[in-house]
Amino acid sequence: MKITQHPNPQSEREGFELLCGEWDFGYKKRGRGFRFSGDYKKALNVRQQGLYPHIINVPFCIESELSGIGYTGFVEEVWYRKKVNISRDEKRVFLHIGAADYLTTVLINGKPAGRHRGGYTSFSFDITELVTDGENEIFIFCEDDVKSPYVPRGKQSEKLKSHGCDYTRTTGIWQSVWLEYVPEEHIKNFRFYPDIRGAVTVSAELVGKADLACTVYYGGKKVGFGERKAAAGNAVFEIKLDEVHLWEVGNGRLYDVQLTFGNDRILSYFGLRNVRLDGMRFLINEKSVFQRLVLDQGFYRKGIYTARDDEELKRDIELSTALGFNGARLHQKVFDPRFLYFADRAGYLVWGEYPNWGLDYSSPEALAVFLAEWGEAVLRDFNHPSIIGWCPFNETWDYKGRRQNDALLSTVYDYTKAVDSTRPCIDTSGNFHVKTDIYDLHDYRYKVDEFKESYDRFVSENYLYEHVLSDNPGRQTYRGEPVFISEYGGIKWEADSKVKSWGYGEDVKTPDEFAERYVGLTDAILQNRKFFGFCYTQLYDIEQEQNGLYTYDRKKKFDNEIYEKIKAANSAPAAIES
């Protein structure tokens, strides 16, 4: 598959038009008594006023330098206007928005087109009946409130300034906006179910009735074909592959796909791989693979949530693999589909997560909010071979003194498994586990001997030391699930003296001490035959949090000698693989 500028390489049609770039723009700072609009009236009123004092560079958020504005105070409303020429040519017209935080209302030529709730997932509206050939006005209105108990904010600071491990906020559009021209009979959705024995099952949701065909290529050579004549509704069929090329760690061997349905044509791809748990082991293509992961939070100094370009997206994967990591936890954020595309191509393992922080997960009402948004993320990213597991929640500590709603976590777990039975699911990373395929834990202890000895007991006595278990008796129970340490380290090394830095381990004085601690902690995990992986915190600094292996600008913090020690530690053989 060629590298293109399509915002979603998993579903690429030729008939699309990027709308990124300059838009007329206005915003309102946070005031007292803010409430989300219950209908279209607020958006209609704002449009009627016609106030656009700024120009913004979409898709960068108002808080970012790349937006051209860079306002980082609290913002409750932002609005955008762009006039575009449209020629329908007997096709349907869809407006796509990659992500906009949080409640988005779209008007086309002053008429309601649709509303979307959720700050991290992609959505689209069929605007065919609202547009005319020639010039049309697109108006996008976004409302946001990181202090609301029913707005998942992730790592966006609920205080005016960044602090600890919370950073600059993102308001409004932060992923690509584009138009797509689609035939009346078209493919609405599709899924690939690879079989490493040499086949792929295609499941397609269709609008209208026409002949459906799927051609599979590898390296430009046709290796498979399947079709359904006069298909309608839902169509499922298997395609035998002439050649077997497995998607593996470090080798993202992708099959290119062309789907046609009548006059509709989509380019896509898949990776031939499977994942499953076997006892304490995590298997990829029936081989035990130790996950050598690093925490990646998807922040960029100038773009906040949004990378400047493809090179910035690819750079983080390159920096990670150069240090011997084979993947990442994509932490507290739903990443851009183009990042996932580059992970797919690189054979880079990632966990799909959601930014649950800020949500009142003690309340039963949180289910309706969270499930709708999480479901969109799982459905959008199902076909990415790089995603080897789902983790909807992270560290569900008590919310303002109220215990988490266990039914929320178990329901979201059940939903995830019902939608996708091909991947394991962790209910909540770290704590408090309710119903999970994997028992992961976070451990930022810095004394290597203490760290190692406690987990050696897990092998010798089947005793799993875990501070959550010890400090919060009865909150979660280890039931023999596979285990990995999904956060550890966090060794602070200050690279930017201009900010008041923060990190987990603050007593390292020299680069050699840093390397010694890193190697000791990592070795303790690799040598333990009951662990199938680790995730080090973190790949790069973010604002005041300076426990990254690189700076916020992805510059080196250490001499090459230190990085060689880190790489050697990450690349050492793992006991569970042998």
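To be clear, the structure that these remarks concern was listed above.
Residues numbered from 1 in each chain as written. Predicted model: local features only at pLDDT ≥ 70, side-chain atom pairs only at ≥ 80, totals over all residues. Heavy atoms only, no water.

Asker: Could you clarify how one ought to interpret helix 6 (residues 448-460) in this entry?
Answerer: Since the α-helix packs 3.6 residues into each turn, any two residues three or four apart lie on the same face. Taking 1.5 Å per residue, 13 residues should reach 18 Å; helix 6 reaches 18 Å between its end C-alpha atoms and fits that length. Burial in helix 6 covers these residues: Phe451, Ser454, Tyr455 and Phe458. Across the axial projection of helix 6, the buried residues extend over an arc of 85°, all falling on one side. Opposite the buried face of helix 6, at more than 90 degrees from it, the exposed residues are Asp449, Glu453 and Ser460. (Helix = DSSP H or I, 4+ residues; strand = E, 2+ residues; numbered from the N terminus. Expected span 1.5 Å × (residues − 1). Buried < 20%, exposed > 50% of the residue type's maximum accessible area, 1.4 Å probe, protein only. Arc of directions from axis to C-beta.)

Asker: Whenever I open this one, unusual backbone geometry confuses me. Can you help?
Answerer: Leaving glycine out, the prevailing phi sign among residues is negative, and the prevailing peptide bond configuration is trans. Here aspartate 101 and tyrosine 102 are connected by a cis peptide whose omega angle stands at 15°. With respect to the helices and strands, tyrosine 102 occurs in the loop between strand 6 (100-101) and strand 7 (103-108). Cis geometry is found at the peptide bond from threonine 537 to glutamine 538, where omega equals 5°. As for its position among the elements, glutamine 538 is in the loop between strand 29 (531-537) and helix 9 (560-571). Phi at glutamate 395 is positive, roughly 45°, even though this residue is not glycine. By secondary structure assignment, the location of glutamate 395 is in the loop between strand 25 (393-394) and helix 5 (406-419).

Asker: Please clarify how the pattern of salt bridges should be interpreted in this entry.
Answerer: Working definition: two side chains of opposite charge can pair if their charged atoms are close together. Within this structure, the stated rule accounts for 42 salt bridges. Note that aspartate 553 and arginine 301 form a salt bridge whose closest N and O atoms lie 2.7 Å from each other. Here aspartate 553 is found in the loop between strand 29 and helix 9, whereas its partner arginine 301 is found in the loop between strand 21 (291-296) and helix 2 (310-322), with 252 residues between them in sequence. A relative accessible area of 38% means that arginine 301 is categorised as partly exposed. (Salt bridge = Lys/Arg side-chain N within 4 Å of Asp/Glu carboxyl O.)

Asker: Looking at this structure, how should I read the nonpolar core?
Answerer: Note on soluble globular proteins: their nonpolar side chains tend to be buried together. In terms of nonpolar packing, the biggest core is built from 105 residues, with Trp351, Phe514, Tyr518 and Leu549 touching the most fellow members. For this core, the element with the most residues is helix 8 (residues 511-526), which contributes seven residues. (Core = buried A, V, L, I, M, F, W, Y, C linked by side-chain atoms within 4.5 Å.)

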